[in-house]
Amino acid sequence: MLSGHYWAGLAATAERGLLDFLTIDDTLMPQPGRGERIDPRRLAGRADAVLVAARIAPLTRHIGLVPVATVTHTEPFHVSKSIATLDYVSHGRAGWQARVSVTTHEAALFGRRSVNPEELFDEARDCVEVVRRLWDSWEDDAVIRDVATGRYVDRDKLHYIDFTGKYFSVKGPSITPRPPQGQPVVAALAHATPAYEFAAASADVVFITPTDEASLESILSEIPASRLKVFADLVVSFHGDNDFRSDALVFTGSATDLVDMLLDWQRLGIDGARLRPAVSATDLAVIVDQVVPMLQGAGRFRACYRAGETLRERLGLPVTPNRYTAVTQ
């Protein structure tokens with residue numbers, strides 16, 4: 001799992017299946033879950049998700065890349081330039097799943113401060129806001145390369161963001177020009193009301209964790225009205241192994257059963273589903289070779305990628321005007 005070849009192989013399989021995007025998990029702990037102690041019987045160690053996505057990007061052409069970057073204990077300036085860089089490397093296919101860190105032992109890794117759980121999502125909202133402002137701090141045509149005047153950049157089109165809040169005070173501008181998408185796709189995983197509210201306020205895509213139709217309808221009723229794209233989050237195991245630690249439903253049925261459930265859930269209002277293979281080496285291939293063709297046969301899945309399509313375009317998200325360009329006109 002620490003090899004670039006491993007991730008490149010998964011990405012190639014996912015792209016062969018015409019999937020919207022590939023998410024790359026990350027936390028501040030070496031194993032899944034929030035436990036402080038390392039279980040010697042389980043796989044341990046992880047690579048940085050954003051760097052993994054940057055490794056994959058040149059080896060793929062179409063699939064979106066959505067790494068996790070934790071907002072708690074991480075400066076928004078660093079997140080901003082990392083995701084902007086990924087958007088350049090991937091030619092407009094970058095996203096970012098914003099995640100909070102809730103435990104004191106994760107805070108102790110940084111040795112800076114304790115965590116107040118009641119403030120986590122307030123801080124996360126401010127962090128995403130700073131990141132979005134930094135993405136806008138260069139206008140799209142700020143780089144002019146004017147040989148006649150000897151100017152590479154139009155300084156009037158770089159903007160101080162001058163953000164001052166309870167958690168951050170950031171002047172800006174970014175060191176990275178505005179990303180090709182303007183605003184790369186921001187995603188959030190949500191299990192409860194505070195996370196739903198955070199997603200509605202700050203994200204473009206929310207991953208929710210229903211377990212059946214009733215819970216799906218209940219969750220959809222809780223999500224504040226917004227332009228959010230709602231994706232059901234499922235762990236998929238086609239080999240009957242349900243010993244998977246997750247807040248999401250662990251689906252252990254057949255490919256046909258999964259397709260029937262996804263079509264039913266789509267009729268109830270979801271925009272899509274994030275299918276997380278329980279075992280990437282085997283379950284991803286079933287998704288690509290069995291689930292996708294059945295969805296295509298039902299007229300619910302693309303037959304090919306559109307050339308040059310950004311991730312925002314693929315998900316039907318609107319173009320985002322630069323907030324600072326409007327100020328200067």
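Heads up: the structure comes first, above all this text.
Model, not experiment: these values are computed from the prediction.

Visitor: Hey, could you run me through the overall build of the protein chain in this one?
Guide: Within the protein chain one finds eleven helices and twelve strands. The C-alpha radius of gyration of the protein chain comes to 20 Å, within 12% of the 20 Å expected for a compact globule of 329 residues. Expressed along its principal axes, the backbone C-alpha trace of the protein chain runs to roughly 65 × 45 × 40 Å. Burial analysis of the protein chain (329 residues in total) assigns 49% to the buried set. Counting contacts in the protein chain only where the partners sit at least 6 residues apart, residues at least 24 apart contribute 70% of the total. Counting only carbon and sulfur atoms, one obtains 52% of the accessible surface of the protein chain, whose full area is about 15,900 Å². Charge centroids of the protein chain, computed over 35 positive and 42 negative side chains, lie 5 Å from each other.

Visitor: Help me out: how do you make sense of the pattern of salt bridges in this one?
Guide: It is possible for side chains of opposite charge to pair when their charged atoms get near one another. By the definition in use, this model includes 20 salt bridges. Between Arg125 and Asp122 there is a salt bridge, with its nearest N and O atoms 2.5 Å apart. On the criterion of helical spacing, the pair formed by Arg125 and Asp122 is a turn pair, its members being three residues apart in helix α5 (residues 120-136). Its salt-bridge partner being Arg306, residue Glu309 comes within 2.7 Å of it at the nearest N-O pair. Residue Arg306 is classed as exposed on the basis of its relative accessible area of 54%. Linked through salt bridges whose partners overlap, the residues forming this network are Glu129, Arg133, Asp136, Asp140, Arg178 and Arg323.

Visitor: What should I look at first to understand the pairing of strand β8 (residues 185-190) in this one?
Guide: As a general feature of sheets, a regular strand has side chains that alternate between the two faces. Of all six residues making up β8, five are buried, and the element is well covered by its neighbours. Summarising the sheet, strand β3 (residues 95-99) and β8 pair through three bridges and their orientation is parallel. When the sheet's bridge partners are listed, Gln97 is paired in β8 with Ala187. In the sheet, β8 pairs with strand β9 (residues 205-208) via four bridges, with the strands oriented parallel. Bridge pairing in β9 links Ala188 to Val206. Between the parallel elements β8 and β9, the chain passes through helix α6 (residues 193-202) in a crossover that is right-handed.

Visitor: Explain the nonpolar core here, please?
Guide: Note that soluble globular proteins tend to have their nonpolar side chains buried in a common cluster. Counting residues in each nonpolar core, the largest one holds 80 residues, and the members touching the most others are Trp96, Leu234 and Leu258. The leading source of residues in this core is α5, at eight residues. Other than its neighbours up to four places away in sequence, Trp96 contacts Val66, Pro67, Ala69, Val71, Val79, Ile83, Val128, Val131, Trp135, Val185, Val186 and Ala187.

The rules behind these values
- Residues numbered from 1 in each chain as written.
- Predicted model: local features only at pLDDT ≥ 70, side-chain atom pairs only at ≥ 80, totals over all residues.
- Heavy atoms only, no water.
- Helix = DSSP H or I, 4+ residues; strand = E, 2+ residues; numbered from the N terminus.
- Rg over C-alpha atoms; globule rule 2.2 N^0.38 Å.
- Buried < 20%, exposed > 50% of the residue type's maximum accessible area, 1.4 Å probe, protein only.
- Contact = heavy atoms within 4.5 Å.
- Areas by Shrake-Rupley, 256 points an atom, 1.4 Å probe, with all protein chains shown as cover.
- Lys, Arg positive; Asp, Glu negative; His and termini not counted.
- Charge placed at Lys NZ, Arg CZ, Asp CG, Glu CD.
- Salt bridge = Lys/Arg side-chain N within 4 Å of Asp/Glu carboxyl O.
- Pairing = 2+ DSSP bridges.
- Right-handed = clockwise from strand over helix to strand, strands pointing away.
- Core = buried A, V, L, I, M, F, W, Y, C linked by side-chain atoms within 4.5 Å.

Remember that the coordinates give geometry; whether it matters functionally is a separate question.
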